[in-house]
Amino acid sequence: MHWKNRLLIVCLLLGMAACTSKKKQLLDTEEVVVSEFIDFFPEIKLPFHLSDTMLVKKSPDSLRIGNKIFSQFVPDSVLQPVYGKKTKPQLYPIGKIEVKDAETYILVKAVLGTKRAAYALVFEQDSFKSALPLVVSTTTPTRTEQKVANIDSRHTITTVRQRTAPDGQVLYQKDVFIYNPEGIFMLILTESNDQANKKGKLINPIDTLPTTHKHTGDYLGETRNLVSFRDSHRKGYLSFFIHFEKDKGTCVGELKGDAQITGANSARYTENNGPCVIDFTFSGNTVTMKELEGCGSYRDIKCFFEGRYTRKKKATPPASRKKK
């Protein structure tokens, strides 16, 4: 046999081996490395649309991802807000979006009874960085209420919750997120004509993160005014979430990010590729926030990121009852 033909056969055999090496299942009985976990997800073409009705469709059991394998690469805190600590939802791949020389987005579906959710997980250099719930549904979708998520060609993620009021009016809540160089999802725009959403329960998106640093905790102002700090995955930083409403709710600001610790009682947030700079000064159980540079993209034009907030006392666990 001619040497060129032999070389061709060898190349074909190597190609076949590479194809067959890709995992067809991710069972808890198998040993899986993070690259195999990521490769298990099929490629997604952008723009991409996902709805709560799509999550209702049954996924093949052959594609199910083992919970132990999932936990190897993704923190339990991602699923716990919806599914709790003691239950394990069934997990299935939706797809992945790879950004050249940058991050990879993994989209995963979680199912437990009537609870269904889709998450965007971000990996950089085979390391988990952040997660964002795309669609969360705890009941069967109806015609009067819809939840959707869209990812455009620039990897901007838009989530929309839409419902039809009894009078026929269509009410919506739209949030727009980007994944920034600091390794977190940032809310850059929110729109709503639904007063129930505007005055509903305030959700703290970093609430499940650890609180070991001395300045971590929830600092409160007036009603629906919160400055929250948690441990960051970045050394020398604190993760924070700010939400404030001033002038009877007509002036609203919201921002999530990482602030660099600049002293024993101080930290500073500096926006990457943007003008926004905020200083935080801690004193006892208070934090003072001051906007140094324009953060107008994250607030209304008549109010600023400023003010003094008092740390909320942590709940004291009840004393254990003595055995009789």
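Just above, that's the structure.
The sections below set out a description of the structure shown in this document. (Residues numbered from 1 in each chain as written. Predicted model: local features only at pLDDT ≥ 70, side-chain atom pairs only at ≥ 80, totals over all residues. Heavy atoms only, no water.)

1. Digging into the sheet that holds strand β16 (residues 286-293)
The eight strands are arranged β10-β11-β12-β13-β14-β15-β16-β17 in a closed barrel whose pairing can be described as antiparallel. On average, each strand axis in the sheet is tilted by 30° relative to the strand beside it, whichever way the strands run. (Pairing = 2+ DSSP bridges. Helix = DSSP H or I, 4+ residues; strand = E, 2+ residues; numbered from the N terminus. Axes fitted to C-alpha atoms, helices over the stretch in contact; angles between N-to-C directions.)

2. Description of the pairing of strand β11 (residues 226-231)
For β11, a buried count of six out of six residues is recorded, marking the element as mostly surrounded by other parts of the structure. Relative to β11, strand β10 (residues 217-220) is paired through four bridges, and the arrangement is antiparallel. Within the sheet, the bridge partner assigned to Tyr219 lies in β11 and is Val227. As consecutive antiparallel partners, β10 and β11 are separated by five residues, and within that stretch Arg224 has a phi angle of approximately 65°, a positive value. Judged from the six bridges that link them, β11 and strand β12 (residues 237-246) form a sheet pairing that is antiparallel. Each bridged residue has a counterpart across the sheet, and for Arg230 the counterpart in β12 is Ser239. (Buried < 20%, exposed > 50% of the residue type's maximum accessible area, 1.4 Å probe, protein only.)

3. Points about the environment of Ser62
Assignment of secondary structure puts Ser62 in the loop between α3 (52-56) and α4 (67-73). Taking the relative accessible area as the measure of exposure, Ser62 reaches 40% and is therefore partly exposed.

4. Topic: the pattern of salt bridges
Inspection of every chain in the model, using the stated rule, returns nine salt bridges. Ionic pairing is found between Lys96 and Glu98, a salt bridge with its closest N-O pair at 4.0 Å. Lys96 sits in the buried class, given a relative accessible area of 6%. A relative accessible area of 44% means that Glu98 is categorised as partly exposed. (Salt bridge = Lys/Arg side-chain N within 4 Å of Asp/Glu carboxyl O.)

5. Points about the sheet that holds strand β8 (residues 170-179)
Within a sheet, neighbouring strands are paired by backbone hydrogen bonds and run either parallel or antiparallel to one another. One open sheet holds the five strands; their spatial order is β1-β6-β7-β8-β9, and the pairing between them is antiparallel. Both edges of this open sheet fall to β1 (48-51) and β9 (185-192), since each of them pairs with a single strand only. Shown here is a sheet whose adjacent strand axes are inclined to one another by a mean of 15°, direction ignored. Sheet analysis places β8 next to β9, joined by seven bridges and oriented antiparallel. Bridging from a neighbouring strand, Val176 pairs with Leu189 of β9.

6. A closer look at the packing of aromatic side chains
Within this structure, the stated rule accounts for 15 aromatic pairs. Among the aromatic residues, ring-to-ring pairing joins Phe37, Phe40, Phe41, Phe70, Phe73, Phe123 and Phe128 into one connected group. Lying over the aromatic face of Tyr237, Arg234 brings its terminal NZ or CZ to 3.9 Å of the ring centre. Taking NZ or CZ as reference, Lys246 lies 4.9 Å from the ring centre of Phe244, over its face. (Phe/Tyr/Trp six-rings, centres within 6.5 Å; stacked < 30°, edge-to-face > 60°. Lys NZ or Arg CZ within 6 Å of the ring centre and 35° of its normal.)

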